[in-house]
Amino acid sequence: MSNVLQRELERLKKMILAVCAVVEENVGRSVRAIETRDRELARRVIESDKEIDRTEVDVEEECLKVLALHQPVASDLRFIVAVLKINSDLERIGDLAVNIAERAEALASRERIRAPIDVVAMSEKARAMLRKSLDALVTLDPKLAREVGAHDDEVDAMNRENFAKIQQEIRADLVDLDSLLQFLSVSRYLERIADHASNIAEDVVYLTEGNIVRHKGSAS
């Protein structure tokens, strides 16, 4: 690998990690806005998504430039393909954080009710998956990446439990139906964030081993 290509690949890695930091923070802030009914915090999440969208385009253009100028092969080519996929997953996680923030805005305008589910615990699990998948990228550790799949099963189970709890709440009290449906949406968005974190982990496995594990159950 030429020194120029090495620098370009390192730059790509730094760019994708910077996007991840913003995305992860937005997930945390959107859930905090739900917990505190903080409309202003929710608005900041929504506004900052513009930065994520711009950076996604920048990363994609950088990848295409490296492909055109250096025509990388083998592991270098796999790295760029993985970055393109991870970039897309991070942008989608950013969008899901916006969706949660929009639910926070809706809840802030209504009379406060007891949260029927623990969205904080679920978000912490999803964010931990995201951090672990990116740690696996930094260290090029497929074993660490494969651990993410097991956590995804836990988040899926939490989402099913949340659905059952909210279903019970709806049967018991239709007065707060809209608020309960907002919480149901938040649970679903967090479950999808975990799915995207799993996708990133699977891309790390592909990068390090050359194996495509997506659609084969999980990275585990």
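Residues numbered from 1 in each chain as written. Predicted model: local features only at pLDDT ≥ 70, side-chain atom pairs only at ≥ 80, totals over all residues. Heavy atoms only, no water.

S.K.: Can you walk me through unusual backbone geometry in this structure?
M.R.: Across residues other than glycine, the phi torsion is negative in most instances, and most of the peptide bonds are trans. Its identity as a non-glycine residue notwithstanding, R37 has a phi of 55 degrees, on the positive side. Secondary-structure assignment places R37 in the loop between α1 (3-36) and α2 (39-70). Even without being a glycine, Q71 presents a positive backbone phi close to 45 degrees. The class of Q71 is exposed, set by a relative accessible area of 63%. (Helix = DSSP H or I, 4+ residues; strand = E, 2+ residues; numbered from the N terminus. Buried < 20%, exposed > 50% of the residue type's maximum accessible area, 1.4 Å probe, protein only.)

S.K.: Please explain α2 as it appears in this structure.
M.R.: The end-to-end C-alpha separation of α2 is 47 Å, in line with the 46 Å expected for 32 residues at 1.5 Å each. Residues of α2 that are buried include every one of L41, A42, V45, I46, S48, D49, I52, E56, V59, E62, C63 and V66, and no others. Elements that come into contact with the buried residues of α2 comprise α1 and α3 (74-108). A distance of 3.1 Å separates the backbone nitrogen of E40 from a side-chain oxygen at the start of α2, and that oxygen is part of D38. Positive backbone phi, at 45 degrees, marks Q71, one or two positions downstream of α2. (Expected span 1.5 Å × (residues − 1). Contact = heavy atoms within 4.5 Å. Polar contact = N/O pair within 3.5 Å; in protein donor to acceptor, adjacent residues only side chain to side chain.)

S.K.: Any chance you could explain helix α4 (residues 119-139) here in plain terms?
M.R.: Side chains three or four residues apart in an α-helix point the same way, a direct result of the helix having 3.6 residues per turn. The first and last C-alpha atoms of α4 sit 30 Å apart over 21 residues, in line with the 30 Å expected at 1.5 Å per residue. Within α4 the residues assigned to the buried category are V119, M122, S123, A126, M129, L130, S133, L134, A136 and L137. One side of α4 carries all its buried residues, which in axial view fall inside an arc of 155 degrees. At its buried positions, α4 is contacted by α1, α3, α5 (142-172) and α6 (177-209). Taking the backbone nitrogen of V120 as reference, a side-chain oxygen 3.3 Å away marks D118 as the first, capping residue of α4. Two residues or fewer past α4, L140 is found with a positive phi of approximately 50 degrees. (Arc of directions from axis to C-beta.)

S.K.: It is not clear to me how the packing of aromatic side chains should be interpreted in this structure. Could you clarify?
M.R.: Centre-to-centre distance and the angle between the planes together describe a pair of aromatic rings. For the coordinates displayed, the defined rule picks out zero aromatic pairs. For the cation-ring pair, K85 lies above Y206, with the distance from its terminal atom to the ring centre recorded as 5.2 Å. (Phe/Tyr/Trp six-rings, centres within 6.5 Å; stacked < 30°, edge-to-face > 60°. Lys NZ or Arg CZ within 6 Å of the ring centre and 35° of its normal.)

S.K.: I'm lost on the side chain of D156 in this one. Help?
M.R.: Relative to the helices and strands, D156 resides in helix α5. Comment: no salt bridge for buried D156; closest opposite-charge side chain is R160, at 5.2 Å. (Lys, Arg positive; Asp, Glu negative; His and termini not counted. Salt bridge = Lys/Arg side-chain N within 4 Å of Asp/Glu carboxyl O.)

S.K.: Quick question: what am I supposed to make of the nonpolar core here?
M.R.: Taken as a class, soluble globular proteins show a tendency for nonpolar side chains to be buried jointly. In this structure, L90 and L130 are the most contacted members of the largest nonpolar core, which totals 64 residues. Residue contributions to this core peak at 14 residues, all from α3. Setting aside chain neighbours within four positions, we find L130 in contact with C20, V23, E24, L90, I93, A197 and I200. (Core = buried A, V, L, I, M, F, W, Y, C linked by side-chain atoms within 4.5 Å.)

S.K.: Explain the pattern of salt bridges here, please?
M.R.: Side chains carrying opposite charge are able to pair once their charged atoms draw close together. The final tally for this structure, using the stated rule, is 13 salt bridges. Here E62 and R11 are joined by a salt bridge, their closest N and O atoms 2.8 Å apart. Highlighted residues: E62 in helix α2 and R11 in helix α1, separated in sequence by 51 residues. What makes E62 buried here is its relative accessible area of 8%.

S.K.: In this structure, what is going on with the packing of α5 against α6? I would like to understand it.
M.R.: A pair of packed helices is captured by two measures, namely the crossing angle of their axes and the spacing between those axes. The interhelical angle for the contact between α5 and α6, taken along N-to-C directions, is 165 degrees, at an axis separation of 9 Å. By the angle between their axes, α5 is roughly antiparallel relative to α6. Two packed elements cross with a definite hand, and for α5 against α6 that hand is left-handed. Residue composition of the contact of α5 with α6, by class: 18 nonpolar, six polar and eight charged. (Axes fitted to C-alpha atoms, helices over the stretch in contact; angles between N-to-C directions. Parallel < 35°, antiparallel > 145°, perpendicular 65-115°, else oblique. Left-handed = near helix turned anticlockwise from the far one by under 90°. Nonpolar A, V, L, I, M, F, W, Y, C, P; charged D, E, K, R; others polar.)

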